[in-house]
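For reference, the chains in residue letters:
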Amino acid sequence: MFSVAVLSRWHPHEQRYTPELLASPDCRVACVWDENPQRGKAWSEEINVPFVADLKDIWADASIDGVVVTAPTAMHKDIIIAAANAGKHVFVEKSLALTYQDALEIKEAIERNHVTFTIAYIRCTTGQFMFAKKVMDSGLLGDVTTVRVRNGHNFGYEGKFEDYWFDPAQTGGGAMTDLGCHQMYLLDWLFGEPQELNATYSFYLHRQVEDTGACTALYNGGKTLAIMDSSFTTFYSPYTFELYGTKGTLLVRIDRPGVEVFLPNDVEPWFLKEFGDAVEVRHEGDRTAYTVSNSVLPDDPSPLRSWVNACTKGDAVRFGIDSAVRLTHVVEAANESYRTGKKYRF
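Below is a summary of the structure that appears in this document. (Residues numbered from 1 in each chain as written. Predicted model: local features only at pLDDT ≥ 70, side-chain atom pairs only at ≥ 80, totals over all residues. Heavy atoms only, no water.)

Structural notes on the overall build of the protein
And step 1. A count of helices and strands for the protein gives 11 helices and 15 strands.
And step 2. Against the globule reference of 20 Å for 346 residues, the protein gives a C-alpha radius of gyration of 21 Å, in line with a compact fold.
And step 3. Dimensions of the protein along its principal axes, counting C-alpha atoms only, are 65 × 45 × 40 Å.
And step 4. Here the protein, with 346 residues, has 56% of them falling under the buried criterion.
And step 5. Of the roughly 14900 Å² of accessible surface on the protein, a fraction of 49% belongs to carbon and sulfur atoms.
And step 6. Taking the 33 positively charged and 46 negatively charged side chains of the protein as two groups, their mean positions are separated by 2 Å. (Helix = DSSP H or I, 4+ residues; strand = E, 2+ residues; numbered from the N terminus. Rg over C-alpha atoms; globule rule 2.2 N^0.38 Å. Buried < 20%, exposed > 50% of the residue type's maximum accessible area, 1.4 Å probe, protein only. Areas by Shrake-Rupley, 256 points an atom, 1.4 Å probe, with all protein chains shown as cover. Lys, Arg positive; Asp, Glu negative; His and termini not counted. Charge placed at Lys NZ, Arg CZ, Asp CG, Glu CD.)

Next comes the structure, spelled out in C-alpha cells:
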C-alpha cells in the first residue's frame, strides 16, 4: 500500500488528487497538513484521516512514502526540499516554484536524494491534445509555424477565488502565472524551451496580480511563433489548442465533440484508416476537413496515477523535474518581460 500525505488545501486542484488517492485500492492517505490549521482540521474531519500540525512529524514518519504538494507556491521550495531530504517521493501542483533559482535548488535535492518526482501536467494526458501532438510529430502538418493555446475562466470576478489568489507573495502572479502554466508546459511538451518571449498583462480587477495575460514566444530556433493567453475574467473560454503548419492545420476545442484537421485534398491521413467511421470527412474547396471523434481519443492515466505507478512499479516518470524547472523559467521570464517591458531571451 502506497502511503501518501497531502500537504495543504490551498490550491483547488487538491480536490482532484485527494479523491483519486482515496479511491485507489493501492494507495492510502495517511494524513493531511495545512498551513491554515483550522482549514486543515476541517478537511481531515471531512475525509476522515488524521490532521498533522507539524511537517516535521511527516518527515519523521517512515510509513509515509510520498507527499502531494498543493500548498502556496511560495512554500513549495522549502516543503519539497525537506520532503526529498526525508526520502519522500514528491507530486506537486504547478508551478514548481516562484523563481528559476528556487527550481534549480529543488532539482538538486530531488536528484541528490533519488526520490521520484512528478508535476501535475494534466493537459499532457488529455486525449485531444495527445492526438494533436501525434499528428504534428508524424509530419502531417508540415512545419508548424504558429501555435495558439488559450485557457480562461470567470473565477476572478465571480468571487470564486479566495483573496489569497491575488497575493503575489503567495502565488507569484495571476492569470498568466497560474492558468498560463498549462499553455507553457504544453508548448514545452511540443517543442522544449523557447528562444525568446514577450508578455503583456492587464488588470481589469485592479488587484495586485494580472487577471488577463498574453505571451508570444519563439520556438524551434525561431521557426515557430507561439501565442499563449489566459484570463480570470472571461465569461466563457473553452480550452483551445491550435496548430498551424505549412501543409495542414489542427484545431482543438475541448468542449467540442472532436478534433478538426484540415489537409490538402490529395493527402490521405494515417488516422483515417486507423479510426475509420469515427472520422467525419468534409470537402471544402481546395482542402478536406476531418473531424476525429473524441470517442477514439481517450485520456491517458492522470499525472498522479503515473507518479504512483513510477513509485510502486518502476514505471518511467512522464513529467519530471527537468520539465518542471523549464516551466518555472518560462513563468519567471513572462513576469520579468512584463515588469521590464522588454523581450526575454533564454
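Looking at the sheet that holds strand β5 (residues 117–119)
And step 1. With respect to topology, five strands assemble into an open sheet ordered β2-β1-β3-β4-β5, the strand pairing being parallel. Edge strands, defined here as strands with exactly one partner in the open sheet, are β2 (27–33) and β5. Geometrically, the sheet is characterised by an average inter-axis angle of 20 degrees between neighbouring strands, direction not taken into account. (Pairing = 2+ DSSP bridges. Axes fitted to C-alpha atoms, helices over the stretch in contact; angles between N-to-C directions.)

So, the pattern of salt bridges
And step 1. If you walk through the whole model with that rule in mind, you get 26 salt bridges.
And step 2. Its salt-bridge partner being Arg-282, residue Glu-280 comes within 3.3 Å of it at the nearest N-O pair.
And step 3. We classify Glu-280 as partly exposed; its relative accessible area is 45%.
And step 4. What makes Arg-282 partly exposed here is its relative accessible area of 26%. (Salt bridge = Lys/Arg side-chain N within 4 Å of Asp/Glu carboxyl O.)

Re the pairing of strand β6 (residues 144–152)
And step 1. Pairing of β6 with strand β10 (residues 240–245) involves six bridges; the strand directions are antiparallel. Paired with Val-144 across the bridge in β10 is Gly-245.
And step 2. As paired strands, β6 and strand β9 (residues 224–231) are joined by seven bridges and run parallel to one another. Bridge pairing in β9 places Asn-151 opposite Ser-230.

Examining helix α5 (residues 100–113)
And step 1. Here α5 spans 20 Å end to end across 14 residues, near enough to the 20 Å set by a 1.5 Å rise per residue.
And step 2. Buried-residue contacts for α5 involve α4 (76–85), β4 (89–92), β5 and α11 (321–340).
And step 3. After α5 finishes, the residue His-114 shows a positive phi value of roughly 55 degrees. (Expected span 1.5 Å × (residues − 1). Contact = heavy atoms within 4.5 Å.)

What about α4?
And step 1. Those residues of α4 not exposed but buried are His-76, Ile-79, Ile-80, Ile-81, Ala-83 and Ala-84.
And step 2. Buried positions along α4 lie against β1 (2–7), β2, α3 (55–60), β3 (66–69), β4 and α5.
And step 3. Just downstream of α4 lies Gly-87, where phi reads positive at about 80 degrees.

What to know about the packing of helix α8 (residues 180–191) against α11
And step 1. Across the interface, α8 lies against α11 with an axial gap of 10 Å and an inter-helix angle of 125 degrees. One finds that α8 runs oblique with respect to α11. In the packing of α8 onto α11, the handedness of the crossing is right-handed. Residues Cys-181, Met-184, Tyr-185 and Asp-188 of α8 form the contact with α11, whose own contacting residues are Ser-323, Arg-326, Leu-327, Val-330, Val-331 and Ala-334.
And step 2. Split by residue class, the contact of α8 with α11 holds seven nonpolar, one polar and two charged. (Parallel < 35°, antiparallel > 145°, perpendicular 65-115°, else oblique. Left-handed = near helix turned anticlockwise from the far one by under 90°. Nonpolar A, V, L, I, M, F, W, Y, C, P; charged D, E, K, R; others polar.)

With respect to the packing of aromatic side chains
And step 1. Per the counting criterion, the structure on display carries 23 aromatic pairs.
And step 2. Summarising the aromatic geometry, the rings of Tyr-201 and Tyr-338 are spaced 4.7 Å apart at their centres and angled 20 degrees between planes, so their arrangement reads as stacked. Here Tyr-201 is found in strand β7 (residues 196–202), whereas its partner Tyr-338 is found in helix α11, with 137 residues between them in sequence.
And step 3. Classification of Tyr-201 by relative accessible area gives buried; the value is 10%.
And step 4. Owing to a relative accessible area of 32%, Tyr-338 belongs among the partly exposed residues under this scheme.
And step 5. Ring-pair connections join several aromatic residues into one group, and the members of that group are Trp-10, Phe-155, Phe-161, Tyr-164, Trp-165, Phe-166 and Phe-232.
And step 6. Just above the ring of Trp-189 sits the side chain of Lys-133; from NZ or CZ to the centre is 5.7 Å. (Phe/Tyr/Trp six-rings, centres within 6.5 Å; stacked < 30°, edge-to-face > 60°. Lys NZ or Arg CZ within 6 Å of the ring centre and 35° of its normal.)

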